[in-house]
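Coordinates in review
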There are 6 protein chains.
Amino acid sequence: MSSKKARKEPAKKPLFKRPSGRGYDELRPLIIKPDYMDFAEGSAYLEMGKTKVVATATIEEKVPQFLKGTGSGWITAEYSMLPRSTEKRTPRERTQGKISGRTQEIQRLIGRALRTTTDLNLIGERTIIIDCDIIQADGGTRTASVNAGCIALAMCFKKLLDEGLLPTFPLRHLVAAVSVGIVEGQRLLDLDYQEDSQAEVDMNVVQTDEGRLVEVQAAAEKLPFSKQELNQLLKLADKGLKEIMAAQRAILKKIHPVFIAY
Amino acid sequence: MSSKKARKEPAKKPLFKRPSGRGYDELRPLIIKPDYMDFAEGSAYLEMGKTKVVATATIEEKVPQFLKGTGSGWITAEYSMLPRSTEKRTPRERTQGKISGRTQEIQRLIGRALRTTTDLNLIGERTIIIDCDIIQADGGTRTASVNAGCIALAMCFKKLLDEGLLPTFPLRHLVAAVSVGIVEGQRLLDLDYQEDSQAEVDMNVVQTDEGRLVEVQAAAEKLPFSKQELNQLLKLADKGLKEIMAAQRAILKKIHPVFIAY
Amino acid sequence: MSSKKARKEPAKKPLFKRPSGRGYDELRPLIIKPDYMDFAEGSAYLEMGKTKVVATATIEEKVPQFLKGTGSGWITAEYSMLPRSTEKRTPRERTQGKISGRTQEIQRLIGRALRTTTDLNLIGERTIIIDCDIIQADGGTRTASVNAGCIALAMCFKKLLDEGLLPTFPLRHLVAAVSVGIVEGQRLLDLDYQEDSQAEVDMNVVQTDEGRLVEVQAAAEKLPFSKQELNQLLKLADKGLKEIMAAQRAILKKIHPVFIAY
Amino acid sequence: MSSKKARKEPAKKPLFKRPSGRGYDELRPLIIKPDYMDFAEGSAYLEMGKTKVVATATIEEKVPQFLKGTGSGWITAEYSMLPRSTEKRTPRERTQGKISGRTQEIQRLIGRALRTTTDLNLIGERTIIIDCDIIQADGGTRTASVNAGCIALAMCFKKLLDEGLLPTFPLRHLVAAVSVGIVEGQRLLDLDYQEDSQAEVDMNVVQTDEGRLVEVQAAAEKLPFSKQELNQLLKLADKGLKEIMAAQRAILKKIHPVFIAY
Amino acid sequence: MSSKKARKEPAKKPLFKRPSGRGYDELRPLIIKPDYMDFAEGSAYLEMGKTKVVATATIEEKVPQFLKGTGSGWITAEYSMLPRSTEKRTPRERTQGKISGRTQEIQRLIGRALRTTTDLNLIGERTIIIDCDIIQADGGTRTASVNAGCIALAMCFKKLLDEGLLPTFPLRHLVAAVSVGIVEGQRLLDLDYQEDSQAEVDMNVVQTDEGRLVEVQAAAEKLPFSKQELNQLLKLADKGLKEIMAAQRAILKKIHPVFIAY
Amino acid sequence: MSSKKARKEPAKKPLFKRPSGRGYDELRPLIIKPDYMDFAEGSAYLEMGKTKVVATATIEEKVPQFLKGTGSGWITAEYSMLPRSTEKRTPRERTQGKISGRTQEIQRLIGRALRTTTDLNLIGERTIIIDCDIIQADGGTRTASVNAGCIALAMCFKKLLDEGLLPTFPLRHLVAAVSVGIVEGQRLLDLDYQEDSQAEVDMNVVQTDEGRLVEVQAAAEKLPFSKQELNQLLKLADKGLKEIMAAQRAILKKIHPVFIAY
């Protein structure tokens, strides 16, 4: 009740109109092309609206120092944007000789999401590197990267399984991510760049196909938010995540019987 | 219901015993010394158990490019650990010529927390740099940094106010942070290093003195978690945060009447 | 005479068979998609066989120091490969904190090729940055970059012309590049990666639509070569370059009447 | 004779008055707290006036390449200042991606001082890293670091001895350092920042408890100086060094009988 | 015929007069001093006019990763200019923390030239590093480096041969390099800095003592050039290269009988 | 008296024999060539035995930030060694992306020596960069750099004076440097590399032509030393410095009447 008083958006005040004309709980058009690359062990091309990402999986027959001799594998991610993926050109990070905090934050998020939903002991002492390269960026590049990375990883596991190098399929769950936020008091699903840049609250949710949370990152960009608002946003994210995972599942099932379990 | 079945920790199975003997919802001993440094515009020394941090505030009479001419100010944070703050020596970042992703993530968190609770327009075109240097690290260094940083910032604003350089006090709220997590199925408040390194779920909560959220970062380190667990952890954090803010308030009130509002 | 004796390849010894089954003077399938990107001022996607590149043009309203006040513009190029563009993953250059000699050589080649065929005085004091990002690499990435870069640059000039920002069209010539080489004594046009890695002589030729040379880079990888061989390779390159420029011209003519001159 | 004419300071002209009111041959208040840190193998906190330093000793079970197989150990030092240790904030060296010449000079000085007074053969193939972190800087940070480093090193050796890892105590001598200088023609002991910045001659002296020299670094900041002046400054330093070593000795004797020899 | 029409320089239009008064096909005075350095395994000092270079050869008993176990050796080159080798001081590359594209291009050229003319299998698993340090730079520094590097390498092989470490002499050919170019329509041999900076076409030719090509790098600096012009420049370079190799041969023959073969 | 007992080297025990056969107080052969370079504003080539250095002076019409508007000038120095100046090749510092502590220490020493003996106010707001490049290194490279740098600086001032850009000559004194040390108990002047590497005490002395000290750096490499030994070494250095300054003076007087004053 009290929260309705505090923020009566759906009912009483004129709603924020999404520039794209989408409904507040509507995802952008989603396109996934598995096996997009000729040389990688797994790959996927994914579009969420104008946001476009190529994800590839590379297998390295070694693990970080702290895993040597444990029999366990590792998954790590790298993320980068083409310089002209953005409205205004973004200089290459190599030019500046350092990786930005934003890039590192995103890489860590992608890596954690994929590790938490994989049984690393089944991989053996291998590292899978997931490269997420943003061809075009219109908001939601980190969530698109998780979504594409999950497919690239699955394709890579399929290849290892086909070659008899895995005892069983190590992906415990499908995993997907989506952004939600509050713009002019209106909760929105899957923000594009313009919406994101004026959001009062910005939140990324990573979730499994069982509806359990892998990661929640919520930040007040302008004004602190209530626990009730947090829960409303989680619910909105849940709707979008179910749709994304349905698309992932549909793709994978066509490719290999092992994916029918997901 | 089903979630209760899945994880009936408080009721039925033997509880995880905290190495320090603390109760599951008990903070570590908290010590705050304001004005710890001779030269800084604001400063505080803060201990949460063995975790010890020095925070200083520096005023620079300039703002980042994107704020020039807007009349608004900025707050930014830097974070670093003494090499022997840790059990095993951590090499200095300058030696490696780059700032780690972890450091950058923490710096961004501290900066956002302090900016969101400050009226940046009242500062004028100035940047306040909050330096958080960890003398000793036993878990929770980022939350200790937010807690110390809030005091250093308040002391710095007091100094500007005393000098007639501010029209009114720009701190809208006290802000504090605490970690919570799940270890062996047991929810815990204010994890030390040993607890943190075995946590199944790890979460940092930044909150204002009105109980509204500034930032929530929750990550499944091993197994995904339910939305119910998220809310239970938020409640546990809320208890600790109220105690920390009471300590901050007590310190500040002794220093200057302006702080009585908080 | 004596050189014929030294290398009688076409006549007497069994010919090197190209792995792809191509004829010795046959280009790989060529695909060009102009306006591939939503945000760049000009762009093109280009495939030569499995080699795939995205080129974009960005306009910056400034010039390098040495051109300030001269009224002349500048064109510069950046080149990068996605890490998994290659058979074996290539680490990102940002990770190593330096740009390799190979990358710099290629960037300088692309820049010179486009500058030499443009009337820089017509651009005004602007810099056009041509970003060439290799999505997949199967040999000939630098020549594919010149070919795609020429289209991206033309699209960018068209945009400036449409907006009334140019007095006349500054592209003096179409420019294209191709590799030629000698493998097992056999001269070949447009080498793929496998051919390139066993070439005895490797040569890149950049040429205008009038058949004049912009750049020739010939290197004996294993054994020195004669001046006669140099001229035979130039002739073979000329055949391929005419075909590439025909494709470029066909694309451009469909887009804008200004391109009918080329 | 002639030098007395040239500079008759003590006798005839009005003396430079030290801002702190100290006598010309008076040290600043000296505080030493051994075992200041919980995790390091040895540590000390030391204040000389407003200059405050934390020194820690870390044992690594390896030596630099050139010592491998010799049975000898090594001691090395790192030095850093907290950004707000100074009146005006000093940017972190990691931000600039390089270590300044000043920092390197100081690190080398501390390392040499401690190595020369230790029997490295007794340590075995171990490296002791002495980290000197300046909490606050008011002149004399390098000499304070040597003084604190000596205690941290002694505490670390005591720990190794207690654990039976050393045959005998490897510290041959106590070692201490102090700055002396000439300000407005007046010789001064233990310069603070304000004095140091106007010194005509600046000198650091490192000495053992037998009164022998380990290092002398004398530099004319403005005007060259005579050999007589050099000797007068050495004598002044000697007075201060004896007092510092008395304080070091007093601390150590309380801790362990092995220190009674010093 | 047709070329005379296109560019009748020698006959009809006023010739470009070389600032030095040299004929169009005249080299600058060439001085070579072998064994210039006391410590290197091979060395040479070389002057071409005001361009002065010191080349040294260093033997390392290891090879790059890709050659390990093959029995083959490697030759690599480094190139650097003294800061005041140039009219205007050139900052040191170490200051900028990166090696320029120009430097890398030159290093690669020198290395390829020397590798192509050496039988690497005869060296055994050793790397020869050729350091070319430009004492003074007046154009043609990369070609002077190849010319000096060839002598330093030969001296180094002689030393290995004298010590019985080589089965036979591994240098297959003398190798030399020279620049040619077109300035104001006039073809010129061995351009100095002033000529080079106004050249319309710039070309470096690396050739063996049998007159075969090792590398050709031709670039239109302003206007594209014809294949006929390319061949005329090659012929002009050939004249200069024969003279340089005669000087190299004269030096080497005096030193050791093994050089009589060249 | 007591010190004679402690170390009776000259009298009673067999003397250390210098590998070169030099007397204990004998300099190495000294060669100075002024105006060695064609392009620099001042330059000198200097040999002390096998140690060879090229020093150049470059004038920049700007000063460091802290001198802007003061009317005063600045002198700074850079130091570098050719990779094969040494017995064993020393990798270039640019390769490692950082400048070593040793290099920085030397650069600072050279700069201080030349600044202290120059009237910086007479230079106007200019910076003179003294580049000292070591062609060959056999000990004493920092002192050779000071000695060569003094000549290069004098030549540069002469040029500015000749051009009417200086009111009067700004060099207050000649300045020279030399190393002294104790090897096997024997005091030695001007140590070469072999002597230096076994020295028990190592000392560099920078002095003016009036015999006053500019800088003294004395370090016990193995055993601490007495104040008496310090003074004996200073006396030995004084002998060598007088000879070096005589050679500098002789060179300069031949060049320009302004140098007769020195």
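Cut-offs and rules
- Residues numbered from 1 in each chain as written.
- Chains lettered and ligands numbered in written order.
- Predicted model: local features only at pLDDT ≥ 70, side-chain atom pairs only at ≥ 80, totals over all residues.
- Heavy atoms only, no water.
- Pairing = 2+ DSSP bridges.
- Helix = DSSP H or I, 4+ residues; strand = E, 2+ residues; numbered from the N terminus.
- Axes fitted to C-alpha atoms, helices over the stretch in contact; angles between N-to-C directions.
- Contact = heavy atoms within 4.5 Å.
- Buried area = accessible area lost by both parts, 1.4 Å probe.
- Salt bridge = Lys/Arg side-chain N within 4 Å of Asp/Glu carboxyl O.
- Least-squares fit on C-alpha atoms with pLDDT ≥ 70 in both.
- Parallel < 35°, antiparallel > 145°, perpendicular 65-115°, else oblique.
- Left-handed = near helix turned anticlockwise from the far one by under 90°.
- Nonpolar A, V, L, I, M, F, W, Y, C, P; charged D, E, K, R; others polar.
- Phe/Tyr/Trp six-rings, centres within 6.5 Å; stacked < 30°, edge-to-face > 60°.
- Buried < 20%, exposed > 50% of the residue type's maximum accessible area, 1.4 Å probe, protein only.
- pLDDT = per-residue confidence, 0-100.
- 1 Å grid on protein atoms, 1.4 Å probe; cavity = no way out; pocket = protein on both sides within 12 Å on 5 of 7 lines; lining within 4 Å.
- Points joined across faces, edges and corners; volume = space filled by probe spheres on them.

**Regarding the sheet that holds strand S5 (residues 127-136) of chain B**
All names here are of chain B.
- Strand order in the open sheet formed by five strands is S1-S2-S3-S5-S4, with mixed pairing between adjacent strands. The outermost strands of the open sheet, each flanked by one partner alone, are strand S1 (30-34) and strand S4 (74-81). Strand after strand, the sheet turns through a mean of 15 degrees between neighbouring axes, direction not considered.
- Summarising the sheet, S1 and strand S2 (residues 42-48) pair through five bridges and their orientation is antiparallel. Bridging from a neighbouring strand, Lys 33 pairs with Tyr 45 of S2.
- Across the sheet, helix H7 (residues 227-255) touches S1 and S2, and the angle it forms with S1 is around 25 degrees.

**Here's the deal with the interface of chain C and chain A**
- Across the contact, 36 residues belong to chain C and 36 residues belong to chain A.
- Roughly 3,200 Å² is buried in total at the junction of chain C and chain A, and carbon and sulfur atoms are behind 50% of that figure.
- On the surface where chain C and chain A come into contact, there are 14 salt bridges.
- Here Glu 78 of chain C ties to Arg 92 of chain A by a salt bridge, and the two come within 2.7 Å at their closest N and O atoms.

**Some points on the relation of the copies chain C and chain A**
- Note on the copies: chain C fits chain A at an RMSD of 0.0 Å, the axial shift is 0.0 Å, and the rotation between them is 180 degrees. Expressed as a symmetry operation, the mapping of one chain copy onto the other fits a two-fold axis. Looking at the rotation axis and the C-alpha trace of chain C, the residue lying nearest is Arg 94 of chain C, at 1.9 Å.
- Taken together, the interface assignments show that 100% of the residues at the interface of chain C recur at the interface of chain A, consistent with an identical surface on both copies.

**Regarding the packing of helix H5 (residues 141-162) of chain E against helix H7 (residues 227-255) of chain E**
Residues and elements named next belong to chain E.
- Between H5 and H7, the least distance of the axes is 11 Å, while the angle of their chain directions is 20 degrees. Regarding the angle of H5 to H7, the classification is roughly parallel. Pair H5 / H7 crosses with right-handed handedness. Contact residues: H5 offers Asn 147, Cys 150, Ile 151, Ala 154, Met 155 and Lys 158, while H7 offers Ile 244, Gln 248, Leu 252 and Ile 255.
- Counted by class, the contact of H5 with H7 contains seven nonpolar, two polar and one charged residues.

**Side note on the interface of chain D and chain B**
- With 36 residues of chain D at the interface, the matching set in chain B holds 36 residues.
- Where chain D packs against chain B, one counts 14 salt bridges.
- Only strand S3 (51-60), strand S4 (74-81), helix H2 (93-96), helix H3 (101-116) and strand S5 (127-136) of chain D provide two or more residues apiece to the side of chain D that touches chain B.
- For the side of chain D that touches chain B, the leading source of residues is S5 of chain D, giving six residues.
- Partitioning the side of chain D that touches chain B into residue classes produces 13 nonpolar, nine polar and 14 charged.

**What to know about the packing of helix H7 (residues 227-255) of chain C against H7 of chain E**
- Between H7 of chain C and H7 of chain E, the least distance of the axes is 12 Å, while the angle of their chain directions is 160 degrees. In this view, H7 of chain C runs roughly antiparallel relative to H7 of chain E, as classed from their interaxial angle. Classified by chirality, the crossing of H7 of chain E by H7 of chain C is right-handed. Seen from H7 of chain C, the contacting residues are Lys 227, Leu 230, Asn 231, Leu 234 and Asp 238 of chain C; seen from H7 of chain E, they are Lys 227, Leu 230, Asn 231, Leu 234 and Asp 238 of chain E.
- Residues of the contact of H7 of chain C with H7 of chain E, tallied by class, amount to four nonpolar, two polar and four charged.

**Digging into the relation of the copies chain D and chain B**
- When chain D is brought onto chain B, the operation consists of a screw motion whose angular component is 180 degrees and whose axial shift is 0.0 Å, with 0.0 Å RMSD remaining.
- The residues that chain D uses at the interface reappear at the interface of chain B in 100% of cases, marking a shared surface.

**Brief notes about the sheet that holds strand S3 (residues 51-60) of chain F**
Residues and elements named next belong to chain F.
- The strand order across the open sheet built from five strands is S1-S2-S3-S5-S4, with neighbouring strands paired in mixed fashion. Looking at strand neighbours, the two that pair on one side only are strand S1 (30-34) and strand S4 (74-81), the edges of this open sheet. The average angle at which neighbouring strand axes cross in this sheet is 15 degrees, direction not considered.
- Of the pairings in the sheet, the one linking S3 to strand S5 (residues 127-136) comprises nine bridges and is antiparallel in character. Residue pairing for S5: Lys 52 is matched across the bridge by Gln 136.
- Seen against the sheet, helix H3 (residues 101-116) touches S4 and S5 and runs at an angle of roughly 145 degrees to S4.

**Comments concerning the packing of aromatic side chains**
- Scanning the entire structure with this criterion turns up 19 aromatic pairs over all chains.
- On the numbers, 4.9 Å between centres and 25 degrees between planes, the contact of Tyr 36 of chain B with Tyr 45 of chain B is stacked.
- The exposure class assigned to Tyr 45 of chain B is buried, which follows from its relative accessible area of 5%.
- Among the aromatic residues, those joined into a ring-pair cluster are Phe 157, Phe 169 and Phe 259 of chain F.

**A few points about unusual backbone geometry**
- The phi torsion at Asp 35 of chain D lies on the positive side, around 55 degrees, for a residue other than glycine.
- Assignment of secondary structure puts Asp 35 of chain D in the loop between strand S1 (30-34) and strand S2 (42-48).
- In this structure, Glu 184 of chain E takes a positive phi of about 45 degrees despite not being glycine.
- With respect to the helices and strands, the residue Glu 184 of chain E is situated in the loop between strand S6 (175-183) and strand S7 (186-189).
- Relative accessible area serves as the criterion here: at 45%, Glu 184 of chain E is assigned to the partly exposed category.

**Section: the confidence of the model for chain A**
- Summarising the model, chain A shows a mean pLDDT of 92, and 94% of its residues fall at 70 or more.
- Here the predicted complex scores 0.86 on pTM and 0.89 on ipTM.

**Remarks on the pattern of salt bridges**
- Applying the stated criterion across every chain, the model contains 132 salt bridges over all chains.
- Across the salt bridge formed by Glu 195 of chain A and Arg 22 of chain A, the nearest N and O atoms sit 3.7 Å from each other. Highlighted residues: Glu 195 of chain A in helix H6 (residues 193-196) and Arg 22 of chain A in the loop between helix H1 (2-6) and strand S1 (30-34), separated in sequence by 173 residues.
- Its relative accessible area of 10% is what places Arg 22 of chain A among the buried residues.
- Between Glu 41 of chain D and Arg 84 of chain B there is a salt bridge, with its nearest N and O atoms 2.7 Å apart. With Glu 41 of chain D in the loop between S1 and S2 and Arg 84 of chain B in the loop between S4 and helix H2 (93-96), this residue pair bridges two chains.
- Through salt bridges with shared partners, a single network forms among Arg 18, Arg 22, Arg 28, Asp 138, Asp 190 and Glu 195 of chain A.

**Details of the side chain of Glu 195 of chain C**
- On the basis of relative accessibility, which here comes to 0%, the residue Glu 195 of chain C falls in the buried class.
- Setting aside chain neighbours within four positions, we find Glu 195 of chain C in contact with Phe 16, Arg 18, Pro 19, Arg 22, Val 183, Leu 188 and Asp 190 of chain C.

**Some points on the arrangement of the chains**
- Separated without contact, chain C and chain D have their nearest C-alpha atoms at a distance of 11 Å.
- Considering only C-alpha positions, the minimal separation of the non-contacting chain C and chain F is 10 Å.

**Quick word on empty space enclosed by the protein**
- Scanning the model with the defined rule gives seven cavities of 30 Å³ or more in all.
- Here the largest cavity is characterised by a volume of approximately 50 Å³.
- In terms of lining residues, the largest cavity is bounded by Tyr 36, Tyr 45, Val 54 and Ile 135 of chain B together with Tyr 36, Tyr 45, Val 54 and Ile 135 of chain D.
- A per-class count over the lining of the largest cavity returns eight nonpolar, no polar and no charged.

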